[in-house]
Amino acid sequence: MPHGEPGREPILQVRGLVKHYPLTQGVVVRKQVGAVKAVDGVDFDLYQGETLGIVGESGCGKSTVAKMLVNLERPTAGEIRYKGEDITRLSGRALKAVRRNIQMVFQDPYTSLNPRMTVGDIIGEPYEIHPEVAPKGSRRQKVQELLDVVGLNPEYINRYPHQFSGGQRQRIGIARGLALRPEVIVADEPVSALDVSVQAQVINLLDQLQSQFDLSYVFIAHDLSIVRHISDRVGVMYLGRIVETGTDAEIYEHPTHPYTQALLSAVPVPDPEAREHRERIILSGDVPSPANPPSGCRFRTRCWKARERCALEVPALAVPAEFRYAEGPAAHDSACHFAEEKQVVP
Amino acid sequence: MRQRIMIAMAMALEPSLIIADEPTTALDVTVQAQVMDLLAELQRELHMGLILITHDLGVVADVADTIAVMYAGRIVERAPVHEIYRAPAHPYTRGLLASIPRLDQKGQDLYAIKGLPPNLTRIPPGCAFHPRCPMAQDVCVTEEPPLARVTYEGLVAERRSACHFWKETLDASR
Ligand SMILES: Nc1ncnc2c1ncn2[C@@H]1O[C@H](COP(=O)(O)OP(=O)(O)OP(=O)(O)O)[C@@H](O)[C@H]1O
Ligand code: SF4
Ligand code: SF4
Ligand SMILES: [Mg+2]
């Protein structure tokens, strides 16, 4: 099981989460011919007040996990327990009450805000569904407070999204995410679409809001240095599954899964001095299709350590046997039959 | 895969210079490494020049010999790769490098360049970076800085910076 902090209940527990999108053929008679296994058995815990970073390359299923957490997609199987209660089974009023507490911040501030709505209407829209949080008369003031909280001028309440820059729009998206006073924020690539010079501003804002409102974050991003900066723990995804989880130091300094090692070694570091003495693991081949993932370990078609066992047995996400009784940073969850430490970051 | 086909098509003409405009996205780190590796190998074999356009300061540090930094339509700094990462001579470059998260900054605020990139139809007068620059003086508002030659002991290759105060910036960076 994931580590986490002793004595604290996880606020979210995700177990065996699966999302398969049916692949159909035929126009008149639609027949299911297979499934895109976008997410195929994901487990993790999120503790109160912490940030769990989720990293992985394009198409590995990060956004699909995010959408299931905020109930924009229904899981094919698995559980999402919020404070112990499986929210995938809820409906009606009970579901609505829980949804309020888990909100999302989207990647693209250019397409995720309705261009015909004013900023005030965008941020206040969640109150239409949850009027109990802000009675009609108090909404304008609440929205202005939120604008202030995210560092925007409260007087901009009547402006439209196109009057703002990318970074400011992302602040609007964050304000909307905060409107219902959630406990959990799922941020899916919140800075990837922003100018590099503006990303740091938004990261700092997210950091500050976390302490101000005791928020728990699931922070999805492909930028490994930003994820390390903001995360307490990190999960690495490959082809629909989490292959390794641990604290940021465990993952970045003591990775034991070959995919994590390859990923870390492939990140370009902004230091030309590191060029000569860095070992690069260049993987061969492409990521297989999630409609037809390899048997056993999904990474085996690109793994330089793959052996027969890797094709036959699915490696479980657990502390590998060789580290189980050892103390130290290598003893964290890693889904590999032949896990071993390898230092890859200079 | 598509990237590799594009590269193969470009190479078929045996060019002496190849311009790669954001050839990879950072969304795919391991694929990016494959593509950059391929480009570097071809470049070695065919002795061709490479102009690599990217916003990723990691990618340039990995492959470039010389770096030109652009801001609001102009080159504001040009230098050999090792020199620029060791000590930037333009406040914009300095800000960009400072805003990359570093290990020893965990739990602290990241350095952030204030403000926003300018609207290209309303580029500020003088130095276009002055509204965001922590070192700006009066002269920066009125006079556009030329891409001046940067010199110091030990520098062998040509290095340039479009900042009235490149010396001060360089000293502050060291
Ligand atoms: N509605 C859908 N129908 C069919 N397939 C889908 C659907 N949504 C996503 N997929 C597929 O599921 C896989 C996972 O997609 P997802 O968007 O979760 O990946 P991601 O990790 O967020 O990628 P990125 O880094 O590019 O955002 C992909 O192969 C994608 O093509
Ligand atoms: S289980 Fe086998 S194929 Fe999978 S990562 Fe480990 S060694 Fe590689
Ligand atoms: S010229 Fe002035 S405003 Fe421009 S970068 Fe240099 S110090 Fe800053
Ligand atoms: Mg995504």
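Residues numbered from 1 in each chain as written. Chains lettered and ligands numbered in written order. Predicted model: local features only at pLDDT ≥ 70, side-chain atom pairs only at ≥ 80, totals over all residues. Heavy atoms only, no water.

Engineer: What am I meant to see in unusual backbone geometry here?
Structural biologist: The bulk of non-glycine residues show a negative phi, and the bulk of peptide bonds are trans. All names here are of chain A. A positive phi angle is found at Arg181, which is not glycine, with a value near 50 degrees. Of note, the phi angle at Leu239 is positive, near 45 degrees, even though the residue is not glycine. Turning to its location among the elements, Leu239 is positioned in the loop between β9 (233–238) and β10 (241–247). (Helix = DSSP H or I, 4+ residues; strand = E, 2+ residues; numbered from the N terminus.)

Engineer: When you look at the pattern of salt bridges in this model, what are you seeing that I'm missing?
Structural biologist: Side chains that carry opposite charge are capable of pairing whenever their charged atoms lie near each other. Tallied over the full model, the rule gives 23 salt bridges over all chains. Residues Arg81(A) and Glu79(A) are paired through a salt bridge, measuring 2.2 Å at the closest nitrogen-oxygen approach. Taking relative accessible area as the criterion, Glu79(A) reaches 24% and is therefore assigned partly exposed. Ionic contacts of the salt-bridge type, sharing partners, join the residues Arg228(A), Asp248(A), Glu253(A) and Lys106(B) into one network. (Salt bridge = Lys/Arg side-chain N within 4 Å of Asp/Glu carboxyl O. Buried < 20%, exposed > 50% of the residue type's maximum accessible area, 1.4 Å probe, protein only.)

Engineer: Where do I start with the interface of chain B and chain A in this structure?
Structural biologist: Frequently, the measure chosen for interface size is the accessible area that the parts lose on association. Across the boundary between the two partners, chain B contributes 46 residues, which contact 43 residues of chain A. Counting the surface lost from both chain B and chain A, the interface buries some 3400 Å², and carbon and sulfur atoms represent 56% of this. Inspection of the region where chain B meets chain A yields 14 residue pairs in polar contact (both at pLDDT 80 or more). If you list the elements that add at least two residues to the side of chain B that touches chain A, you get α2 (29–46), α3 (57–63) and α4 (81–86) of chain B. Across the side of chain B that touches chain A, the residue classes break down as 24 nonpolar, eleven polar and eleven charged. (Contact = heavy atoms within 4.5 Å. Buried area = accessible area lost by both parts, 1.4 Å probe. Polar contact = N/O pair within 3.5 Å; in protein donor to acceptor, adjacent residues only side chain to side chain. Nonpolar A, V, L, I, M, F, W, Y, C, P; charged D, E, K, R; others polar.)

Engineer: Which parts of the structure should I look at to understand helix α1 (residues 62–69) of chain A?
Structural biologist: Because each turn of an α-helix spans 3.6 residues, side chains separated by three or four positions in sequence point in the same direction. Residues and elements named next belong to chain A. Counted residue by residue, α1 has six buried out of eight residues, so it is predominantly covered. Every buried residue belonging to α1 is among Lys62, Thr64, Val65, Ala66, Met68 and Leu69, and all of these are buried. Of the residues trailing α1, Asn71 is marked for its positive phi of about 70 degrees.

Engineer: I would appreciate a short explanation of the site of ligand 1 in the present structure.
Structural biologist: All names here are of chain A. Near ligand 1 you find Tyr21, Val36, Ala38, Glu57, Ser58, Gly59, Cys60, Gly61, Lys62, Ser63, Thr64 and Pro290, and these make up its full shell. Cys60 has a polar backbone atom sitting 3.2 Å from an oxygen atom of ligand 1. Interatomic distance of 3.0 Å between a backbone N/O atom of Gly61 and an oxygen atom of ligand 1. For ligand 1, whose unbound accessible area comes to 640 Å², protein coverage reaches 66%. Sorting the residues of the shell around ligand 1 by element identifies β2 (31–47) and α1 as the ones contributing at least two each. (Near = heavy atom within 4 Å. Areas by Shrake-Rupley, 256 points an atom, 1.4 Å probe, with all protein chains shown as cover.)

Engineer: In this structure, what is going on with the sheet that holds β10(A)? I would like to understand it.
Structural biologist: Two pairing modes exist for strands in a sheet, parallel and antiparallel, and in both the strands are linked by backbone hydrogen bonds. All names here are of chain A. With mixed pairing, the six strands of this open sheet are ordered in space as β6-β7-β8-β3-β9-β10. A strand with exactly one partner marks an edge of an open sheet, and here the two such strands are β6 (102–105) and β10. Going from strand to strand, the sheet's axes swing by 20 degrees on average, the running direction of each strand aside. Relative to strand β8 (residues 216–220), strand β7 (residues 184–188) is paired through five bridges, and the arrangement is parallel. Among the inter-strand pairings, Ile185 is bridged to a residue of β8, identified as Tyr217. Across the sheet, helix α6 (residues 166–178) is in contact with β6 and β7; its angle to β6 comes to roughly 175 degrees. (Pairing = 2+ DSSP bridges. Axes fitted to C-alpha atoms, helices over the stretch in contact; angles between N-to-C directions.)

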